[in-house]
Amino acid sequence: MRSSPGYIWIRCAAIVLLLLAVTGHAADYDRALPGYHYQFPRDNFDHPRYQTEWWYYTGNIASSNGHRFGFELTFFRQGISRRPNPSPWYVHDLYLAHFALSDLTGGRYQHAERINRAGPGIAGADAAQHAVWNGNWRADIEPNSQQLQAMTNDCRMDLRLTPVKPIVIQGRNGISRKAAGVGHASHYLSFSRLLTSGSIRVQGVRYTVSGTSWMDHEFFTGSMAPDEEGWDWVGLQLDNGTELMLYRMRHKDGSVDPFSSGSYIDAGGRSTFLASADFSMRPDGDFWTSPHTRGRYPLRWHIAVPRFGLDCTVTTSLDNQELSSRFGPSYWEGAVTVQGRQSRALLRGVGYLEMTGYAPGAANIEFP
Amino acid sequence: MPYLCLFLRLIVRPMLREKTRSLLVLFAVSLGVAVALAIELAGDAAASSFHTSLQTVAGEYNLEVRAAGGVPQSLVGDLARLPWAIRVTPRIEDHATVAATGETIPLIGIDFIAHANDPDGARFSLPQNTSIFNDINSPDALWVTRSLCDHVGGTVTLLINDRQHAYTVRGFLPSSAQVSGDVAVMDIDAAQQATGKRGSVDRILLKVPDRPGFAQWQQRIRTLLPPGVQLLPQGSETAANRRMLAAFRWNLRILSYIALLVGAFLIYNTISVSVVRRRAEIGTVRALGAGRRAVLLAFLAEAAVFGVLGSLLALPLGRFLAGGAVRLLSATVNALYVSSRPGPLALSTGSMALAFVVGIGVAVASALAPALEAARVPPTEAMARGRREYDVRVERRRDAVLAVLLALAAAFTSRLPALGGKPVFGYIAALLLVAASALAIPALITILMPVLSAALRRLLGVEALLASRSLAGSLRRTSVLVGTLSTAIAMMTSVAIMVGSFRQTVVTWMECQLPADFYLRPAGEPGADRYPTIQPGLADRIAKLPGVAAVSRFRAYPLEYQGLPATLASAELDSPQARQGTEFLSGQPSSVVLRALATGNNTIVSEPFANKHHVHTGDALTLPLGSRAVPFHVIGIFYDYGDEGGIVLLARSTMLRYLPDPAASSLAVYLTPGADLETVRARIREAAAGTDVLLFSNGEIRREGIRTFDQTFAITYALEAVAILVAVLGVAGALISIVIDRRREFGLLRFLGASTSQIRGLILVEAGLIGILANFVGLLLGYLLSLILIYVINQQSFGWTIQFHWPVAVLIAALSGVYAATVLAGLYPASVAQHLNPIEVIHEE
Amino acid sequence: MTDEFKSRNAAPPEERGLQVPPIVHSIVSPDESSCSFSSSPPSGNVGPVLSIEGVTKTYTTETEPVRALDNVSLAIEAGRFVALVGRSGCGKSTLLHLAGAMDFPSEGQVVLDGVSTRHLCEGELTQLRRQKVGFVFQSFQLLHTLSVIENVELPLLLAGRADPRPAALHWLAAVGLADLAYRMPHQLSGGQMQRVAIARALVHGPRILLADEPTGNLDSATGNSILELLQRISSECRTTILMATHSHEFASAVDVVVRMRDGRIEEVAVR
């Protein structure tokens, strides 16, 4: 990141996004409040009344000969202005997208990001088109299947995702709270188990892949509290057909916010809300320091949900899965494996771990 | 070693002995080379600037999407969503006039947000803790080159179309953007708003991957685009403009070589004189054992010395002249072709090599004939001065016959068609004519001189007798001198006639083409490729004013047709007044054709367009309009002198069907009979308050047109002037050598009672006679050359019909100027002759 | 013009007397007789046509000053035919140039037909030459671009005289070349060229004819005929002739032989 006295390059736009998020006219937006009435498939798409929205696809997939990959494809929408303006070039929202491919077998991680305005069809999240897209990265969301497409100059991914379970509305009363106080919450929807098949091409090699994916869709306005620094999140798909989602909000002093929560989805698709008292989630060593951002991430986590007899360890086979962003805060988002027990039975699983707020300069992370 | 010795003896010593003369020839040669070099440099600078100003903050792309009237912006999204790793960059490309300076600068609108994705895109310098996104929705935010405004927060008022607006500088284009001249950049949204181009963009740049291949990509994307939209290799517009500019540059380059051609005459003269003068010496060195080849080489080396030194001098001189040339040139390029600002003048290795190749080449080539003659001098030569002249006299008849043959060849060659779009044969015909006249000059002098001398003797006395006899006596030298000067004069005359004819043609055309009482166009310097608009409401407001009978809206868009730039225009032909004025090649009345134009998909095209694209009345023409490709029927070809690329003209109603933008590029206002011009002018001004439009009365717009015309040809005049200067310098140099050669004669005359003023008068009369002869021959040759220029070269490279016209006043002024300069050139030689010591020179052998 | 010129420039006798060197070689003319060459009898002042009084001429060369004439005094009466004899470089030509008002002496004065050249300006010298001096050169010095008659007319033309043709024809006839008047010089033989040159030198009726080795470029027969012509001119029209020659052969043909050596007059022999 080059800089010269008095002036900086556009590469430092990260700060700006923050600035926009902070100084944006919160009054123009609704906050995530209890009692939201969800409508599907409409609520799978955009909610311009909320300032921030994302569609987060992560998954563990492997080729038939056992080459394992993790992927992340995320679409962000950040409200900039709600002033009425008929021009498609007028920037009502910024659309960002992250695409990362973790070659777990090959030990390589690559990622790309892009930023766009809606423009004349350049990016968007449109119920009429059943799609969320940023250029040619897109998710076509149909009731019974979702189609993902993303590409860079040297890799390409085309996946078909089939939900095994119905959509989960996380949290309680339609909101997933992040801190004390009204509005520090998001509307949070998950497809916790999506059967995945398709192809990826990396460095000229094409793999036919299959596996499971997770999709989170959140929309909110300023969900984090000022003293919160970041969060740690896991979405685990266990081999007994259940899924576990947990997040913990971290304060600047290192303490964990009591509004951290999660959910347990049983094999039948029924979801149980987990309050912070219901689980424990703590780093368990294996710290890794990013050479890019100097962020220090714990790569081994211990998780226990006594209510369901769950006790397991989350580890990764690839340390560097940090998405160092030019346009927004950097974070670690990577494929993980789970090993442990549930009520004495051996338990295995896969999932994704997300850790934000570790990279310096990304304090007060609101976004993403 | 013997060669060196020979060279020193035969060449260097005489050269040093006649320092002034050698310096004059050297300067003339270097001026000739310098002019050629300057035009080359200035041409490069003008062409390169065009390239860079549009490439501003563009990064690397390989395809571009364009459409007449703008690319529908929905295509941006369509292309961005294509499932291939293609980078898609929409751009608004327009011009703005800086209110403070009147300078017209490129105004570029880019998607600042998507721009951040481009790893190669230019980075903007911004104040700390801000970003381009801060002002993303501000319609007033502007990013500029530092030369335009040097502090963030400063205000730059721009005139865009017919509106002035103050913009706030938010940051600067990085120096890495390699921008030549000032540039303003806005976000695409603000730019669309400022330029009134809602709904479309001017260009979409595409970067496709290397594989499977450029052609495959082009084909793949082409099928996805609407038919009217063009997919072209990136920079093809630059290339198209370059192609169009090529003819102009080519012709200019040829003009720039006139001075060099004149210089070649001078070298020929110099070397011939050295050979004649040193025959005895040559005989001696031959007797001493020097071979023919050695003598030949020695004289070629003399020429080469002039070439090398001349070229060397030409480098700084050319660089200096290029500074002036580039201003004139870019004025022409702006007025005729494309908005451009001169790029940096770069004295590249290539251009330096060119200078040397041209300088030495021309010098050696022009020395070849006299050097061969020198080589033929037998060792036994004991040379009598009269003999050589006698030879010339004998060859005179043969030369005259040859001249007639060459003139016939010229007549034949001028009938040949263009070669690769360039009027090669026209120029060959011109060269043949020049050669013919050079060969005919000895015969002409022998015929004219007695007449002249008889006439002059009565007027000027004995000096005239002596001068005319001396000139006729040294026929060869006189011929070369007259040839040199007359060639320069002929070039000047021919170009003056061509330009004068063109000018008169344009004046006549404007009288017919501009029937309206008032014209309005957006303020700012007009340019061939700029199409600023007047907001739609103004025409309606003016039409309702008392005293106004009709308002005709004219709209122009840039069009690329078959790889060449052209103008797509529409005119409102509803009122009968508006249907007057256009003259058609077919001679059909304007009102008939224009009434037909208003119906169906009919079009008329201008003469240059018809010539460039071989379009005839009755042909079908498929035009890309917006996203559609529409077939049109050509119902007429009209005379036009305003647009070199050519115009395709539709009725306004037709155009609006395909390109619905109602804004006009200019308005023609017709008054009701009896309406007072000044009253209506005041009313129009009032109606136009708040917009920045220029209002011209009929007379004013014609003057404006002529001003632009004259500006366009400024560089031509400058080139002519240099050629004349070279010739006059040559005459001065030659007169000095005449003085040196004939010093004994001057001494004798003093013994016979001549006063010093008579000697001086003698030289001046000789200069005057050379001037008269050269003017006579030059005018004659110039007339013939002007015919080639007008009917061959102009037709083949520009395709304009020019009515022949003698620009009498200009010619009289120019020719008398040249004549005065020639006589003045005799002043120094005359003073040399005046101060010769007769006693010393009378005994010299 | 001429009168004014004289009165302004002729020095008073006393003053002139002071300049007279101790030895004056005085050459007295024979009796005046009618001249068949001349269309108008030469008018003259009383006294010598040419008077060279204590003249010294120094040239500055690149290396050192050269004394071309060293205190030379000579007076030539009207009508005399005088030969200047000496080796080349003895000062003959310099003397001729001074006599012909082509140059100024470094010291002393030259009085040409009563007019001292000492105080004359360039233009006045030219005037003097036009009226009183005719030159003949060793190498004829005809202008090749002019016809014979035009060459002869030249002094009259330069002097601005109208209608020079009759005089020129007269003099061409006098030198026996009337039928060659319209030839070009390169069509003539050497002797003919020199005759033309002589006609040219006489056409304006000069008081003195200055001939510098007039036979030098001719074979002896032709040279003799030229000499005869000069003799006739001298005797018939009383034109004073000062002829430089390095040959002693012609001494017998002239009235006076002035021998020069190293810039001085060695001997004056009056025949």
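Counting restarts for each chain: residues are numbered from 1 in the order of the written sequence. Whichever chain is written first becomes A and whichever ligand is written first becomes 1, with later ones labelled in order. For this predicted model, a pLDDT threshold of at least 70 governs which residues receive local features, and a threshold of 80 or more governs which side-chain atom pairs are given and counted, while totals over whole chains, interfaces and linings are taken from all residues. With hydrogens and water stripped out, all remaining heavy atoms of the structure feed into the side-chain values.

1. Quick notes on the pattern of salt bridges
Residue and element names in this part refer to chain B. Stated precisely, the cut-off is as follows: One speaks of a salt bridge when a side-chain nitrogen belonging to Lys or Arg is within 4 Å of a carboxyl oxygen belonging to Asp or Glu. Helix numbering and strand numbering both begin at the N terminus, where a helix is a DSSP run of H or I of at least 4 residues and a strand a DSSP run of E of at least 2. Only protein chains enter the accessibility calculation, which uses a 1.4 Å probe; a residue is then buried when its area is under 20% of its type maximum, exposed when over 50%, and partly exposed in between.
Evaluated as defined, the whole model comprises 50 salt bridges over all chains. Across the pair Glu40 and Arg253 runs a salt bridge, and its minimum N-O distance is 2.9 Å. Placement of Glu40 in helix H2 (residues 19-55) and of Arg253 in helix H7 (residues 236-256) is noted, with a sequence separation of 213 residues between them. The exposure class of Glu40 is buried, given its relative accessible area of 13%. When its relative accessible area of 25% is taken as the criterion, Arg253 is described as partly exposed. Across the salt bridge formed by Arg707 and Glu704, the nearest N and O atoms sit 3.8 Å from each other. Here the residue Arg707 and the residue Glu704 both occupy positions in helix H21 (residues 698-712), the gap between them amounting to 3 residues, near one helical turn.

2. Here's the deal with the pairing of strand S9 (residues 184-187) of chain B
Residue and element names in this part refer to chain B. Our working definition: One requirement defines pairing of two strands: DSSP has to find at least two bridges between them.
Of the two faces of S9, the one holding Ala184 and Met186 and the one holding Val185 and Asp187 are both buried throughout. Of the strand pairs in this sheet, strand S4 (residues 104-110) and S9 are connected by 4 bridges, and their pairing is parallel. Bridging from a neighbouring strand, Ile108 pairs with Val185 of S9. Relative to S9, strand S6 (residues 141-144) runs antiparallel, the two sharing 2 bridges. The residue bridging Trp143 from the neighbouring strand is Val185, located in S9.

3. Some words on the sheet that holds strand S9 (residues 240-245) of chain C
Residues and elements named next belong to chain C. The following threshold applies: Only the stretch in contact is used when a helix axis is fitted, and all axes are lines through C-alpha atoms; the angle between N-to-C directions ranges over 0 to 180 degrees.
Reading across the sheet, the 6 strands line up as S7-S8-S9-S4-S10-S11 and stay open at both edges, with mixed pairing between neighbours. Every interior strand has two partners, whereas the edge strands, strand S7 (133-136) and strand S11 (264-270), have only one. Direction aside, neighbouring strands of the sheet carry axes that sit 20 degrees apart on average. As paired strands, strand S4 (residues 81-85) and S9 are joined by 5 bridges and run parallel to one another. Looking at S9, one finds that Val82 is bridged to Leu242.

4. Section: empty space enclosed by the protein
Residues and elements named next belong to chain A. Stated formally: Whether a set of points on the 1 Å grid over the protein atoms alone is a cavity depends on a 1.4 Å probe fitting there but being unable to get out, while an open set qualifies as a pocket with protein on both sides within 12 Å along at least five of seven lines; lining residues are those with an atom within 4 Å of a point. Grid points are joined across faces, edges and corners, and a volume is the space filled by probe spheres set on the points. Put simply, Ala, Val, Leu, Ile, Met, Phe, Trp, Tyr, Cys and Pro go in the nonpolar bin, Asp, Glu, Lys and Arg in the charged bin, and everything else, Gly too, in the polar bin.
Under the defined criterion, the tally for this structure stands at 11 cavities of 30 Å³ or more. Considering only enclosed or pocket space, the second largest cavity measures out at about 200 Å³ in volume. Around the second largest cavity, the lining comprises 17 residues; the ones closest to its centre are Trp54, Glu218, Trp231, Trp233 and Glu354. Where the lining of the second largest cavity is concerned, the elements lending two or more residues are strand S3 (52-63), strand S15 (205-220), strand S16 (228-238) and strand S17 (243-251). A per-class count over the lining of the second largest cavity returns 9 nonpolar, 2 polar and 6 charged.

5. Concerning the interface of chain B and chain C
Our working definition: Throughout, a residue-residue contact means that at least one pair of heavy atoms, one from each residue, lies within 4.5 Å. When two components associate, each loses some accessible surface as probed by a 1.4 Å sphere; the sum of these losses over both components is called the buried area.
At the junction of the two partners, chain B supplies 24 residues and chain C supplies 23 residues. The contact between chain B and chain C buries some 2200 Å² in all, and 64% of this surface belongs to carbon and sulfur atoms. On inspection of chain B and its partner chain C, the count reaches 2 salt bridges. Taking the shortest distance from any N to any O, the salt bridge between C:Glu150 and B:Arg469 comes out at 2.3 Å. Taken together, the elements giving at least two residues each to the side of chain B that touches chain C come down to helix H14 (462-473), helix H23 (743-751), helix H24 (756-797) and helix H27 (838-842) of chain B. Of the residues contributing to the side of chain B that touches chain C, the split by class is 11 nonpolar, 7 polar and 6 charged.

6. Let's talk about the packing of aromatic side chains
How two aromatic rings sit relative to each other is given by the distance of their centres and the angle of their planes. The cut-off we apply is this: Centres within 6.5 Å make a pair out of two Phe, Tyr or Trp rings, where for Trp the six-membered ring is used; the pair is then stacked when the planes are under 30 degrees apart, edge-to-face when over 60, and tilted otherwise. Put simply, a charge is over a ring when the Lys NZ or the Arg CZ is close to the ring centre, within 6 Å, and near the line of the ring normal, within 35 degrees.
Here the structure, examined in full by the defined rule, presents 33 aromatic pairs over all chains. Both rings, one in B:Tyr561 and one in B:Phe609, keep their centres 5.2 Å apart while their planes meet at 45 degrees; by these two values the pair is tilted. Pair noted here: B:Tyr561 is in strand S14 (residues 548-561) and B:Phe609 is in helix H18 (residues 607-613), with a separation of 48 residues, a long-range link. Residue classification places B:Phe609 among the buried positions, given a relative accessible area of 0%. Seen from the ring of A:Tyr247, A:Lys178 lies directly overhead, with NZ or CZ sitting 4.3 Å from the centre. Positioned above the aromatic ring of A:Tyr358, the side-chain terminus of A:Arg250 is 3.8 Å from the ring centre.

7. Observations concerning the confidence of the model for chain C
Residues and elements named next belong to chain C. Quick note on the threshold: The predictor attaches a confidence to each residue, called pLDDT, with possible values from 0 through 100.
When pLDDT is averaged across chain C, the result is 79; 82% of the residues are at 70 or more. Scored below 50 in pLDDT, residues 1-24 shows 27 contacts in the model against residues more than four places distant or in partner chains. pLDDT under 50 marks residues 28-36. Its contacts with residues more than four places away, or in other chains, come to 22 contacts. Of the two predicted TM-score estimates for the complex, the pTM is 0.74 and the ipTM is 0.90.

8. So, the side chain of C:Arg200
Note the cut-off: Lys and Arg are tallied as positive, Asp and Glu as negative. Neither His nor the chain termini are counted. N or O atoms within 3.5 Å of each other form a polar contact, as long as, within protein, one can give a hydrogen and the other can take it, and as long as residues adjacent in sequence are counted only when both atoms are side-chain atoms.
Note on placement: C:Arg200 falls in helix H7 (residues 190-202). Despite its burial, C:Arg200 pairs with no opposite charge, the nearest such side chain being B:Glu745 at 9.6 Å. Among the polar contacts listed, one links the side chain of C:Arg200 to the backbone oxygen of C:Phe140, at a separation of 3.2 Å. If sequence neighbours within four positions are ignored, C:Arg200 has contacts with B:Leu748, B:Leu752, C:Phe137, C:Phe140, C:Gln141, C:Leu142, C:Leu143, C:Asn151, C:Val152 and C:Pro155.

9. Observations regarding a nonpolar patch on the surface
The condition that has to hold: Like charges within 9 Å and nonpolar side chains (Val, Leu, Ile, Met, Phe, Trp, Tyr) within 5 Å are joined into patches, using only residues over 30% in relative accessible area that form no salt bridge. What sets the accessible areas is the Shrake-Rupley method with a 1.4 Å probe; for residues, cover comes only from the shown protein chains.
Together, B:Val401, B:Leu402, B:Val404, B:Leu405 and B:Leu408 make up a nonpolar patch on the protein surface, roughly 460 Å² of accessible area in all. Looking at where B:Val401 falls in the secondary structure, it is placed in helix H12 (residues 385-413).

10. Remarks on the sheet that holds strand S13 (residues 518-522) of chain B
Residue and element names in this part refer to chain B. Read from one edge to the other, the open sheet built from 9 strands follows the order S17-S18-S16-S19-S15-S14-S20-S13-S21, with strand pairing classed as mixed. The sheet is open, and its two edges are formed by strand S17 (620-625) and strand S21 (693-697), each paired on a single side. Mean inter-strand twist for the sheet, computed between neighbouring axes without regard to direction, equals 30 degrees. Relative to strand S20 (residues 666-671), S14 is paired through 6 bridges, and the arrangement is antiparallel. Looking at the pairing, Ala550 lines up with Tyr670 of S20. Contacts between H21 and the sheet are confined to S13 and S21, with S21 contributing the most and set at about 105 degrees to the helix.

11. Observations concerning unusual backbone geometry
Peptide bonds are mostly trans, and most non-glycine residues show a negative phi. Omega for the peptide link from A:Phe40 to A:Pro41 comes to 10 degrees, which places this bond in the cis form. Locating A:Pro41 in the fold gives a position in the loop between helix H1 (13-23) and S3. Put simply, B:Arg211 and B:Pro212 share a cis peptide bond, and its omega is 5 degrees. Position of B:Pro212 relative to the elements: it lies in the loop between strand S11 (203-207) and helix H6 (214-222).

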